Amino acid sequence: MNLERTPLLTDLYELTMLQTYYEHDMTGDAVFELFMRRTPRRGFFVAAGLQQALEWLEQLQFKPHELDWMRHCGFFSDAFVQRMADFRFTGHVSALPEGTVFFAEEPLVQIVAPLPEAQFIESRLMNILHYQTLIASKAARCQIAARDLPVIDFGMRRAHGGEAGTWAARACYIAGFSATATCLASARYDIPATGTMAHAFVLAHDSESEAFERFARSHPDNVVLLIDTYDVARGARRVVELAERLQPEGIQVQGVRIDSGDLVANARMTREILDAGGLTSTRILVSGGLDEYRIADLVAAGAPIDGVGVGSSVDTSADVPFLDSAYKLHQYEGKPRGKHAEGKTDLPGRKQIVRQVDPNGSLSRDILCLTDEAVEGTALLKPVMDGGKQLPGVDEELSAARQRCADSLGLLPAALRALNEPGDHPVTLSEGLVALRETLIARTRTADHPDH
């Protein structure tokens, strides 16, 4: 599974607009910004997917068979198709480094490029960045709920396609998960791999004891046994019996997994059985329909568990399956632009995010300002591409994004980390940005175009 690179993975209107732009020589520099609008049950977002987005931008070009489709689909002129044979992205990109916590209305990515280039990349750029940011934001909530418990990604099989499943593992690791069950994600992104067995493995044997022993002897360094195929208590007792048989050979049972039933009660019962059998160091892992809310309940109940596996609820972000993402034109040929439709207004101009932290090390507020304003704090948007090429040092190890996410989450005050009712939106607009927006709105009230 490779990153899908064909430029035809886009919406038709991106190409129809391009032909018109070129026909009317509308090729001046434009500023587009990708941001998220406010989303219920999400007090913050975690930036993810930038590396794949930059790789795609660097490789963007039309191949002969793709130009043939354009030539024969009935929408485009021969002159336009011929011009697209040389199409490349040559612009400048600033972005939030992966793992950065950010908030609604703040640009995740800012594009400065000739209008046709900046316009065309919209659909696939959003597709790449939105999905990983969606999953990283969900995964971060699970990590917050789990506190110090390791969380493992089990969700590839129900993700919406192979690319999604692999990217979900990557986004989850950025957000703090300890490992993934997806082999390709481990191989490609150097994420620790983990896994146990399926219920089918137990069912394929004539007895549960036989299944456990065969697995243990095949994988003596990874003896983690699924004990809820029939009866959790009976499964736990058979693990104790197996451990006694394996002890002379130096094989230890590292853990057991429970995937169904009342996880709190089953974990307590299992812990008692294991401890009574001398397996005090054998870990208990739980899985089965878990999300941040159920994880928080397990922790609050004091369940004696040593890790959790999450799957479908995270890899599909089941409670919030999409973010209200937008990619909008905010400046063209040096003039501010902004949409002012009812219920959907934009913040015009080329912007920067400045983060302010209080003396206690907690996030005080973010200030969304224009790039030429002097605002005290740490600027979050960083240059990552110029002339269509990644800047040195941008292609960082995934561990750096993971640490950045941990640091960013550590800045959040308790109210913003809340799962059910996140605290107030901690973003204020600078005086310059407010004035620019009001000026632009006033112009639109008296003219069809803000500059006339």
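The preceding data block contains the structure.
Residues numbered from 1 in each chain as written. Predicted model: local features only at pLDDT ≥ 70, side-chain atom pairs only at ≥ 80, totals over all residues. Heavy atoms only, no water.

A.B. asks: How would you summarise the overall build of the protein if you had to cite specific residues and measurements?
C.D. replies: When helices and strands are counted, the protein shows 17 helices and 21 strands. Taking the principal axes of the C-alpha coordinates as reference, the protein spans close to 85 × 55 × 40 Å. Within the protein, buried positions represent 51% of all 452 residues. Restricting to contacts in the protein with at least 6 residues of sequence separation, those with at least 24 account for 75%. Separation between the mean location of the 45 positive side-chain charges and that of the 62 negative ones in the protein comes to 2 Å. (Helix = DSSP H or I, 4+ residues; strand = E, 2+ residues; numbered from the N terminus. Buried < 20%, exposed > 50% of the residue type's maximum accessible area, 1.4 Å probe, protein only. Contact = heavy atoms within 4.5 Å. Lys, Arg positive; Asp, Glu negative; His and termini not counted. Charge placed at Lys NZ, Arg CZ, Asp CG, Glu CD.)

A.B. asks: Pulling in residues and values, what's your account of the sheet that holds strand E17 (residues 363–370)?
C.D. replies: Pairing within the open sheet is mixed, and its 4 strands lie in the order E18-E16-E17-E21. The open sheet has two edge strands with one neighbour each: strand E18 (378–379) and strand E21 (427–429). Bridging between strand E16 (residues 351–357) and E18 involves 2 bridges; their strand directions are antiparallel. Bridge pairing in E18 places Arg 355 opposite Thr 378. (Pairing = 2+ DSSP bridges.)

A.B. asks: Quick rundown of the packing of aromatic side chains? Include the residues and the values.
C.D. replies: Tallied over the entire structure, the rule returns 9 aromatic pairs. Taken together, a centroid distance of 6.3 Å and an interplanar angle of 45° make the contact between Tyr 22 and Phe 80 tilted. One end of the pair, Tyr 22, is in helix H1 (residues 12–23); the other, Phe 80, is in helix H4 (residues 78–84), with 58 residues separating them in the sequence. Put simply, the rings of Tyr 22, Phe 75, Phe 76 and Phe 80 pair up and form one aromatic cluster. Across from the ring centre of Tyr 189, 5.5 Å away, lies the NZ or CZ of Arg 170, which sits over that ring. Sitting over the ring of Tyr 173, Arg 402 keeps its end group 4.2 Å from the ring centre. (Phe/Tyr/Trp six-rings, centres within 6.5 Å; stacked < 30°, edge-to-face > 60°. Lys NZ or Arg CZ within 6 Å of the ring centre and 35° of its normal.)

A.B. asks: A description of helix H12 (residues 263–276) should follow, citing residues and the corresponding values.
C.D. replies: Each full turn of the α-helix corresponds to 3.6 residues, which orients residues three or four apart in the same direction. Taking 1.5 Å per residue as the helical rise, H12 with its 14 residues ought to reach 20 Å, and the 20 Å between its terminal C-alpha atoms agrees with that figure. Buried within H12 are the following residues: Leu 263, Val 264, Asn 266, Ala 267, Thr 270, Arg 271, Ile 273 and Leu 274. Lining the buried residues of H12 we find helix H11 (232–246), strand E9 (255–258), strand E10 (283–286) and helix H13 (292–300). Its side-chain oxygen placed 3.2 Å from the backbone nitrogen of Val 264, Asp 262 serves as the N-cap of H12. (Expected span 1.5 Å × (residues − 1). Polar contact = N/O pair within 3.5 Å; in protein donor to acceptor, adjacent residues only side chain to side chain.)

A.B. asks: Please set out the pattern of salt bridges residue by residue, giving values where relevant.
C.D. replies: Proximity of charged atoms lets side chains of opposite charge pair with each other. Inspection of the entire model under this criterion finds 22 salt bridges. Ionic pairing is found between Asp 319 and Arg 41, a salt bridge with its closest N-O pair at 3.7 Å. Of the two residues, Asp 319 sits in the loop between helix H14 (312–315) and strand E12 (325–332) while Arg 41 sits in the loop between strand E1 (29–36) and strand E2 (45–46), which places them 278 residues apart along the sequence. With a relative accessible area of 21%, Asp 319 lands in the partly exposed category. Two residues, Glu 292 and Lys 138, come together in a salt bridge whose shortest N-O distance is 2.6 Å. Taken together, the residues Glu 292 in helix H13 and Lys 138 in helix H6 (residues 122–146) connect sequence positions 154 residues apart. Exposure class is identical for Glu 292 and Lys 138. Each is buried. A single network of salt bridges, built from pairs that share partners, joins Arg 41, Arg 42, Lys 138, Arg 141, Glu 292 and Asp 319. (Salt bridge = Lys/Arg side-chain N within 4 Å of Asp/Glu carboxyl O.)

A.B. asks: Run through the pairing of strand E19 (residues 382–386), naming residues and quoting values.
C.D. replies: Across 3 bridges, the pairing between strand E3 (residues 92–95) and E19 is antiparallel. Note that in E19 the partner of Ser 94 across the bridge is Pro 383. In this structure, E19 lies alongside strand E20 (residues 389–390), joined through 2 bridges in antiparallel fashion. The partner of Met 385 across the bridge, within E20, is Gln 390. Connecting E19 to the antiparallel partner E20 that follows it, the hairpin turn spans 2 residues, and Gly 387 within it adopts a positive phi of roughly 60°.

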